[in-house]
Structure formats: C-alpha cells, structure tokens
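# Observations on the model geometry
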Amino acid sequence: MPKKLQIELFLLDNLIWVILAGFFLLNAIITPMFATYTNLVNILYHSAIMSMLVLGEGLIMVIGQLDLSIESTLVFAPGVAMLLATRWLPFPLDPVTAIILTLVIGALIGLFNGICIAKIEVNPFLQTLSMMIILRGLALFLIPLSIFPLSKVYSYAGQARMIGNIPVAIPIVLIIFLIFHFVMQYTSFGRHFMATGGNAKASYISGINTKRMLIYAFVIAGFLAAVAGLLAAGRQNSVSNSMGEGMVLLAFAGAILGGASLEGGKGTPLGMLGGALLLGMFSNSLNLLGVGVTLVYATQGALIFVAIVLDRVRIKVRNHLLHQEQVRKLMIREQGD
C-alpha cells in the first residue's frame, strides 16, 4: 500500500483528533477564558460522565448493535445500590460494597440485554428501548426524592480532587480508556470482538463464538453506564431520578464522531475519547459564549445530524480510496502482462 494512501486512511480513521484540534484552536481565539487551565480541567471533568457512555455505546456499535438503555442504567444502578445500602436491608452496607454492587447491577442489566438479543434474537433497538423505559420508570417510582447525602467513599470518584485541583474522575476515566484501548488493539478478545462486528457470519465460520461476543459487549456497556452513574452520583453527592436523561443520543453522536460506524467493525476507544471530548468542548464553548439553553439543545441535535452524515461521508471516502488503489494495481498488472 502506497505511503500516501496509508496517511490518507490514517487521517480518515483519526479524523476526530483533527476536528478536535481545529475546534480547540478556533475557541482559543474567539471564546473568552476557553484556553485557561481552570476551564480545560472543567471540560475534562464535565466530559467524564459522558465519555463512559460514549465508550459503552461505541463498543456496542463496533459489535454492530445499538443500546438505548445505558442512560437509564446510569441512574438505576446507583439508585438500587444505595437503596439496598441504606433502606432495604436490615443492616447497612459499607460504601465499598455499595460501589461493587452498583457496577454489578449495571453489568447484570447488560447481561439481560445481551441474552435477549443474542439467544432469544430480540431486535436490539426494541429490546434496549423497552429496557430504557422500564428502568427509567422504576427509577422514578423507587427514587421519588433524591437519596442524599452519600458516603464520602461512595462519592469519592465523582467528587474528590487531587494535586493541581484535578478531579479524581479524570485519571479514572483516562485509565479506563487506556485499558480498553489495549484490550481492543492487542488481545485476541479485541480481535474477535472487532471481527464479529465486521462480519458476524465469517467470524462464526472461523470459530468465533459470536453470540458470546455480543453478550460481552452489552455487559461491558452496562458496566460502563454504571461507572458513569457512580461518577454522576458522586459529583452531585446524591442519586436523583433525572440522572442521565437525554444523554444516550449524545453518546451515540460522540461514538460516531470518534470513529465508530453504524455498519459495525470500526472504531477505537481512543477515538471515542476524542468524540467525548469534542462534545464537552462544544457544550463548554456555547456556555462561555452565552448561548441560551434552548439553542444549546437545538445545536446538540444538529451535532447528532452532523455525526450521522460524517459517518456516511467517511465510509464513502474510504471505499473510494481503496477502490482507486485496486484500480491502480490492476492497471499495473495489465501493463506488466
């Protein structure tokens, strides 16, 4: 493959970082206080929760599916965990057990989705849509009033700060992304995962348990949504039934902007991190420029549209470049004959 084509494909696959750099430079020039240390830390901090949902949704898209229930898992997992820890059991649970319980509940929700979709073959859109509504309804019923205050240990990940006034949530999120990047790029699990999303039938024929991979994807998404819930609860030092509302579509947009595709088999965790950061920068810049809340909502909708269009354009450009390379090789071969 020619060096030029390799560079073009690399830039296409990592387009989010080019967009992110351009957006940052533009705002550094026109948006007051945007490039200050305090504001950059603020962007990273407020992107932490969304980045977990973007990663979860992105990995589901890599496997070729869609999960609408992650925004409701975000509130249901910490909500039920805290109810068990403080009200439902005859004895209180310690905060560490409550944290583990939160993550387990999120993973179990993902496991239920995965089994219904992989084993029973329920349509993933309908399955996760129904779970989104069920979990949100249960959250509204079980948590009519916010649960607060939370234990300092439980709220530590979302609220504590370290040297340089950097929130603990930032390194936690970065470590999670690095772990998933390593797993997806350098392990057999990651290769099987990507192959399943790229071509499930061929992967099955080659010996990959595609149904198991599908279940794993939904378990991971549920786990990451629970991590997002843990961060959200910690940040506000309470669990409220409105946590996560309306976040799933933005997570979907962030995943696409980060390189995931509706066709499956494409995307990297680091690219998804870029998509989450772009969402955070976008929201932050609009707030600093004094844009009204209703208009921010409209521009977020426009961003989702741009993400969908960008996905189609990126696929077409990539296919065009690869087609040109095939034509070039055929012409060279004919000339040689």
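First things first, this report covers the structure right here in the doc.

Each value, and the rule that gives it
- Residues numbered from 1 in each chain as written.
- Predicted model: local features only at pLDDT ≥ 70, side-chain atom pairs only at ≥ 80, totals over all residues.
- Heavy atoms only, no water.
- Helix = DSSP H or I, 4+ residues; strand = E, 2+ residues; numbered from the N terminus.
- Rg over C-alpha atoms; globule rule 2.2 N^0.38 Å.
- Buried < 20%, exposed > 50% of the residue type's maximum accessible area, 1.4 Å probe, protein only.
- Salt bridge = Lys/Arg side-chain N within 4 Å of Asp/Glu carboxyl O.
- Contact = heavy atoms within 4.5 Å.

Turning our attention to the overall build of the protein. When helices and strands are counted, the protein shows 14 helices and zero strands. Start at the N end of the protein and walk to the C end: the helices and strands fall as α-α-α-α-α-α-α-α-α-α-α-α-α-α. Taking 2.2 N^0.38 as the reference for a compact globule, 337 residues should give roughly 20 Å; the C-alpha atoms of the protein span a radius of gyration of 21 Å, in line with that estimate. Counting only C-alpha atoms and orienting by the principal axes, one finds that the protein spans roughly 85 × 55 × 35 Å. Here the protein holds 337 residues, and 49% of them are scored as buried.

Looking now at the pattern of salt bridges. A side chain of one charge can pair with a side chain of the opposite charge when the charged atoms of the two come close. Considering all chains together, one arrives at four salt bridges under this definition. The partner of Arg328 in a salt bridge is Glu325, with the nearest N and O atoms 2.7 Å apart. In this pair, Arg328 and Glu325 are both assigned in helix α14 (residues 293-336), three residues apart and thus about one turn of the helix distant. A relative accessible area of 37% means that Arg328 is categorised as partly exposed.

Time to look at the side chain of Thr102. Along the polypeptide, Thr102 turns up in helix α5 (residues 95-118). Not counting residues up to four positions away in its chain, the partners in contact with Thr102 are Ala77, Pro78, Ala81, Tyr154 and Ala226.

Turning our attention to helix α12 (residues 247-257). A large share of α12 lies buried, amounting to ten of its eleven residues. Listed in full, the buried residues belonging to α12 are Met247, Val248, Leu250, Ala251, Phe252, Ala253, Gly254, Ala255, Ile256 and Leu257. One or two steps after α12, the chain reaches Gly259, where phi turns positive at roughly 115°.

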